[in-house]
Amino acid sequence: MNTDTQYKQTRKAPPRSDGSVRDVMRSWRVKHPAYTVSPRLAGYVIGLLIILSITLILSSVLFISAREDYFDFNFSRPSGRPSGGGVANNDGDRPFADGVSGNVLLPWADNVRIIPSDSIYASYAALADLSTGEIIASRKADEVIYPASMTKVMTLIVVVENLPSEDSLQDVITVSSEVYERMKAAESSGIGMKPGQKMTVESMLYALMLKSDGIAACELARHVAGSEEDFVELMNLKAEKMGLTNTHFENPTGLFHKDHKTTSREIASIMAYAMNMNLCRKILKTQSFTAPCIDADGSKFNYFLYHNLIVTQFGDREAIGLPNQPASLNVAAGKTGFTDESRFCLVTYAESADGHGYVCVTAKSGGYAECISDYITIYNNYANH
């Protein structure tokens, strides 16, 4: 008898006595039982497998939803949005989207200098050398501030980058009653636009930067993205693409919100980015602009816009014998800001005779006279020109 036959005989099942295969199997005597797992350990293993499965599913969902941003694919908005909005980056298909790609957060210079608190009025400050692309002087430049209307530099960037064609500058925007009433209630700055008035995108961009017009900020946002909420999404997407980890926007105007924050260093990075864009640079360096307007009754007139810092504040200081420019630099562009929470703040661009550029940010100061005094001090003492 071979071993196979012997094995079959010794493992022959007993005859069925109760008609149930299951009962017969249970009656077998097992001399060498297999290894068993306790119910508690089995529960742990099953639970771990369930957790791993859920984690894999969630990771796949998140990866699919984020893959466009992660790999810098072209960003497109859902259908139903105006054709003018949705990129918030310089992906090459918009005529004015000529900014620098990728992370533009200005790094610290190896020999960055600390600005003493008793040397300036502002609580926060940053000075950037655009030739090296570094922050060369700082006063708490990485601490969070409320940017107020310095926000509008980012509003300018996002609007300009999302205009679908060069002809878009001549698109006509009508001031809505809703925006007018909301900005009036907020006591937002501006040129005095009224409901029903019509202005071009170009004119509103100049109103935005020269007169810090809140109505222009809101109407431009709606024109580009369909709503202010969607435009703010584009602003925050742009900040993320620029590498600004401490910047978050809640509106296109800079009106106070507890979560509307940035830092002096990141505002300097935003301004430096804008000054490298042709259209933004042109608008920021303009001192005055004549903006045609059609009134609600159809009559035509012009708004005469002028820079509320370079024309008015400079002139005020000059009239009383105070300097309004650094010793060897020319302040050619700037954006003011004020709310009760932010106090007075200012970002400026200055350049030397040979084109060497700098950006200075001061925040939480006592007034615009102090802001000007501060940038004169900072440019004179820390700019390497």
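Since we're looking at a predicted model, the values are computed, not measured.

**A short note on the state of the cysteines**
Scanning the model with the defined rule gives 0 disulfides in all. Not part of a disulfide, Cys345 finds its nearest cysteine sulfur in Cys371, a span of 7.1 Å.

**What about the pairing of strand β3 (residues 134-139)?**
Judged by how many residues are buried, β3 sits mostly within the fold: 5 of 6 residues are covered. Strand direction decides the pairing type here: strand β2 (residues 124-129) and β3, joined by 5 bridges, are antiparallel. Within β3, the residue paired with Asp129 across the bridge is Glu134.

**Focus: the sheet that holds strand β10 (residues 330-339)**
An order of β1-β3-β2-β12-β11-β10 is seen for the 6 strands of this open sheet, with the pairing classed as mixed. The open sheet has two free edges, formed respectively by β1 (108-114) and β10, since each of these has just one partner strand. In this sheet, neighbouring strand axes are inclined to one another by 15 degrees on average, regardless of whether the strands run parallel or antiparallel. Sheet analysis places strand β11 (residues 343-351) next to strand β12 (residues 357-365), joined by 7 bridges and oriented antiparallel. Of the residues in β12, the one forming a bridge with Ala350 is Tyr358. With respect to the sheet, helix α12 (residues 368-382) is in contact with β1, β2, β3, β10, β11 and β12, its orientation differing from that of β12 by roughly 140 degrees.

**With respect to the environment of Cys293**
Inspection of the secondary structure puts Cys293 in strand β8 (residues 288-294). In this structure the C-alpha to C-alpha distance between Cys293 and Met199, which are 94 residues apart in sequence, comes to 5.1 Å. Each residue touching Cys293, except ones within four places of it in the same chain, is listed here: Gln197, Lys198, Met199, Ser299, Lys300, Phe301 and Tyr303.

**So, a nonpolar patch on the surface**
Side chains of Ile46, Ile50 and Ile54 sit close together on the surface and give an oily, nonpolar patch of about 280 Å² of accessible area. For Ile54, the location among the structural elements is in helix α3 (residues 39-70).

**Things to note about the pattern of salt bridges**
Scanning the entire structure with this criterion turns up 9 salt bridges. Note that Glu228 is salt-bridged to Arg182, the shortest N-O span being 2.4 Å. Residue Glu228 is located in helix α8 (residues 228-241), and its partner Arg182 is located in helix α5 (residues 177-185); the two are separated by 46 residues in the primary sequence. Looking at Glu228, the relative accessible area reads 10%, which means it is buried. Residue Asp259 pairs with Lys258 through a salt bridge whose shortest N-O separation is 3.2 Å. Salt bridges sharing common partners tie together Glu178, Arg182, Arg222 and Glu228.

**What to know about α8**
Two residues of an α-helix separated by three or four positions point the same way, owing to the 3.6 residues in each turn. The end-to-end C-alpha distance of α8 is 20 Å, a good match for the 20 Å that 14 residues give at a rise of 1.5 Å each. Within the sequence span of α8, burial applies to Glu228, Asp230, Phe231, Val232, Leu234, Met235, Leu237, Lys238 and Ala239. Directly after α8, the chain includes Gly243, whose backbone phi takes a positive value near 85 degrees.

Cut-offs applied
Residues numbered from 1 in each chain as written. Predicted model: local features only at pLDDT ≥ 70, side-chain atom pairs only at ≥ 80, totals over all residues. Heavy atoms only, no water. Disulfide = S-S within 2.5 Å. Buried < 20%, exposed > 50% of the residue type's maximum accessible area, 1.4 Å probe, protein only. Helix = DSSP H or I, 4+ residues; strand = E, 2+ residues; numbered from the N terminus. Pairing = 2+ DSSP bridges. Axes fitted to C-alpha atoms, helices over the stretch in contact; angles between N-to-C directions. Contact = heavy atoms within 4.5 Å. Patch = residues over 30% accessible without salt bridge, like charges linked within 9 Å, V, L, I, M, F, W, Y side chains within 5 Å. Areas by Shrake-Rupley, 256 points an atom, 1.4 Å probe, with all protein chains shown as cover. Salt bridge = Lys/Arg side-chain N within 4 Å of Asp/Glu carboxyl O. Expected span 1.5 Å × (residues − 1).

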